[in-house]
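For reference, the chains in residue letters:
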Amino acid sequence: MLAPHRVGTLLPASFILSFLSVSLTPSFVSLTLLLTSLLLYTKEASLYQNRVSPKAIYLWATLTASIALSNFRPTINALSTPSTSIGSLIFLSGASSLLALVPIIARHSIPSTGPQMHLIVFPTLWTVTWLGVSSISPIGRLATWTPMSGVESYQWIRPFFGLSGLDWIVAAWATVAAELIANPDDINQMHAPLVDIGREEAPKTTQAGPKRLAPLTILFALTVPSFFSNSFPLPPLSPNTTPVGVACILPQSSEGSQVKRFIDETKKHTNSAKILLWPESAVVFETKEEKDDALEQVLNITAGPGGQHVWVGVSFEERVSGSSSERDGLHRNGLALVGPNGVEMTYYKRKLVPIAESFHQISSGAPPTIHTIELPRPKHISKEEWGEARWIPLSASICLDFSSPLTSLPSRPALILAPAKTWHVDVGRAMYELARARGDELGADVLWCDGGAGGLSGVAGDLQVGSGSWVKTIGIPYPAGERRTVYGICGDWLVLAAFMGVPGVIFMMGRNMNDAAVEWRRRGQDLLGRIRGAVRRAPAPPAQTESLLDAPVPSG
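Here the structure is a predicted model, which means the values were calculated and not measured.

1. Concerning the environment of Leu463
Then comes step 1: Take Leu463: it is sitting in strand β12 (residues 462-465).
Then comes step 2: Ignoring anything within four residues of it in the chain, the contact list for Leu463 reads Tyr432, Leu456, Ser457 and Gly458.

Encoded structure:
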C-alpha cells in the first residue's frame, strides 16, 4: 500500500504524464509511466466499486483535459472552422480517456489466480480493448494509446503481432512497475525460505519478490532479439539488393496548371529515379477527358519518344458521375501507376477523414493489390552483375488507409507507394510513423510523399519537411521474395489467439499448479511431522565407555 500523501500526487502526475504521452505519436517510456500511475491511483483510490465513484469522474476529466491540451496545436485547423475542430478534439479526448480507463479499472475487479496471471490480466485487457477500438474506429489506430516512438527494443515484434504486440508490452511493463512500487518489501523477500524446518506451523511469508521479478526478467529477455535484427535500411549496392531510385515530386513553382507543374517537375528527375510519386490529391479532374489527357501526357514521359522507362504514381482526385444521384457530384481519391505499358495499377482511397473528407468524397471498398514491375539494368552495372531480370512487387495505400492493417495483400510487397496530404507537421509525423509500422508488419519499405503544408516526406528513415522534390536510392532485397510475414498471413487473428487463448490456458494451468502446490506442501508438512515424531519417540542410545583393560598398552 502507498502512503496517503503519495496517493494524492498520482492524480497530478497522471495529468502531466498524459500531456506528455498521449500525443499523436505516443512515446513508449512516457506511456508506460502513465499507465503505471493510473494503475496505482485506481487501486489505491478504490475506483472499481459497484458504483461510479466521483474520483473516477475526476480522473476521466483530468485525462480528457490533458490530452486535449496536448493535441490542441496540430488539430485546431483540422476542420473547416476552429470551433468544429475544438469540439471534435474534446470528443475524441474524452472517448480515448474513457476507453483507456475501462481496462484499467476492470483489471482490479478480476481476481488473480497465481503468479502466472499476474502479468496476463491487464496486458490482455489493454491489448484487446485497443484492438477492438482500432477495428471499428473510422480513424483506426490514430488517436489510440499505442506507442509509436521509442519502440526500437521491441520493434521486431511488429512482423509477428503488429501494433497490438507493443500494446501488450507497454501494459506488461506498467503492471510490473506498479506492483513493485506498491509492494517494495517483496524485493527483500527474495531469499525468504518457503519452509522453516525449525517451526511446527506453516510459514506465513512466501517468495513474492521472485514471483514479481520473474515477469521483469521476461520483459528484458524480449529485448534480446532486437540485438540480432537489423532495423537499418538495406544498402543500395550489395549482392543481395537491387538499387532503385525513388522520388517524391513536390514542385515549388506555382505557375501554370496543376497538371503542367507536376509533369514539368517529374521530367526533371526521370534520369535519377525509376519510381516517382505525386502527393495525395496532387491534381483534380472534373471530367474523364481531363483525366485521360493528363495520364496520356505522363505516359509520354515513361514510354514515349525520349521516354526514360520509369513509373509515375499519379495521385489525383476525380469527380464521380454515376446513375445514383447520391454519388453524382462527389469526388474520390485515387492513385494511378503509369508505366511503359500505360496505366498498370489503379487504387482508390478506402478510409476518409471524418467530416473533412467524408461529406464530399466517397470511399472505395476494394483492397490494395500487388503489381510487379521489371526494372531495367542501370548503365553503371554490367550484365554479369545484374544477372537475370529483376522484379519489384509494388502496392499502394493513401494516407489514412495506413491506420488499418494491410493484411489483405496476397503476397509480400517490396515497396508501398504512400501519397499523403496532412495539415500540420505533427499530424504528418504521426501518419508517417503509422505507415512505417504497417511496412514493418509486412516487411516492406514505404515511400511516403506528403504534399500538405509542412508535410513530412521520406523513405528508409530519410525525412524531409515541406515542399521541394527529392530523390533517394534505396536497396530492395534481391531476389524480392513474396513470402509474407507471420502478421501478414495471420493478421489480428493471431493476436486474438495469443492474447485471449493463451491467458485461458495459463489460467487453468495456474489453478492446477496452485492446487498441486497446496497438495504437495501438505504432504511435505505431514512427512516432516512424521519424521520429527519418530525422532522424539526413538530411545536415546546408551553412553559407550571404553574399558581400561581393553585399552592398548603403550610400548616402552
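2. What about unusual backbone geometry?
Then comes step 1: The omega torsion across Tyr478 and Pro479 is -5°, close enough to zero to call that bond cis.
Then comes step 2: Locating Pro479 in the fold gives a position in the loop between β13 (470-477) and α15 (486-490).
Then comes step 3: Even without being a glycine, Ala143 presents a positive backbone phi close to 70°.
Then comes step 4: As for its position among the elements, Ala143 is in the loop between α8 (121-136) and α9 (158-182).
Then comes step 5: For Ala143, a relative accessible area of 37% puts it in the partly exposed group.
Then comes step 6: A positive phi is found at Ser281, a non-glycine position, where the angle reads about 55°.
Then comes step 7: Considering the arrangement of structural elements, one finds Ser281 in the loop between β2 (275-277) and β3 (283-285).

3. Remarks on the state of the cysteines
Then comes step 1: One pass over the full model with this rule turns up one disulfide.
Then comes step 2: Disulfide pairing places Cys248 opposite Cys449 at an S-S distance of 2.0 Å. With the S-S bond torsion at 75°, the cross-link from Cys248 to Cys449 turns out right-handed. With Cys248 in strand β1 (residues 241-248) and Cys449 in strand β10 (residues 445-450), this pair connects stretches of sequence that are 201 residues apart. A single burial state applies to Cys248 and to Cys449, both of which are buried.

4. Examining the pattern of salt bridges
Then comes step 1: One pass over the full model with this rule turns up 14 salt bridges.
Then comes step 2: Close ionic contact of Lys288 with Asp292 constitutes a salt bridge, the shortest N to O distance being 2.8 Å. Of this pair, Lys288 and Asp292 both sit in helix α12 (residues 288-302), four residues apart, which is roughly one turn of that helix.
Then comes step 3: Residue classification places Lys288 among the exposed positions, given a relative accessible area of 59%.
Then comes step 4: Measuring nitrogen to oxygen at the nearest pair gives 3.0 Å for the salt bridge that ties Glu441 to Arg438. With a gap of three residues between them, Glu441 and Arg438 both fall in helix α14 (residues 425-442), about one helical turn apart.
Then comes step 5: Looking at Arg438, the relative accessible area reads 2%, which means it is buried.
Then comes step 6: When salt bridges with common partners are traced through the structure, they connect Glu280, Lys349 and Glu357 into a single cluster.

5. Focus: the side chain of Arg141
Then comes step 1: When you line up the elements, Arg141 lands in the loop between α8 and α9.
Then comes step 2: We classify Arg141 as buried; its relative accessible area is 6%.
Then comes step 3: In this structure the side chain of Arg141 is engaged in a polar contact, spanning 2.9 Å, whose partner is the side chain of Ser164.
Then comes step 4: Once you skip the residues sitting within four places of it in the chain, Arg141 turns out to touch Trp130, Leu131, Ser134, Thr146, Leu163, Ser164, Asp167, Ser403, Leu434 and Arg438.

6. Things to note about the pairing of strand β8 (residues 390-396)
Then comes step 1: Most of β8 sits inside the fold, with six of its seven residues counted as buried.
Then comes step 2: In this sheet, strand β9 (residues 415-420) lies alongside β8 in parallel orientation, the contact comprising three bridges. Bridge pairing links Ala396 to Leu417 in β9.

Here is what the cut-offs are and how they apply
Residues numbered from 1 in each chain as written. Predicted model: local features only at pLDDT ≥ 70, side-chain atom pairs only at ≥ 80, totals over all residues. Heavy atoms only, no water. Helix = DSSP H or I, 4+ residues; strand = E, 2+ residues; numbered from the N terminus. Contact = heavy atoms within 4.5 Å. Buried < 20%, exposed > 50% of the residue type's maximum accessible area, 1.4 Å probe, protein only. Disulfide = S-S within 2.5 Å. Salt bridge = Lys/Arg side-chain N within 4 Å of Asp/Glu carboxyl O. Polar contact = N/O pair within 3.5 Å; in protein donor to acceptor, adjacent residues only side chain to side chain. Pairing = 2+ DSSP bridges.

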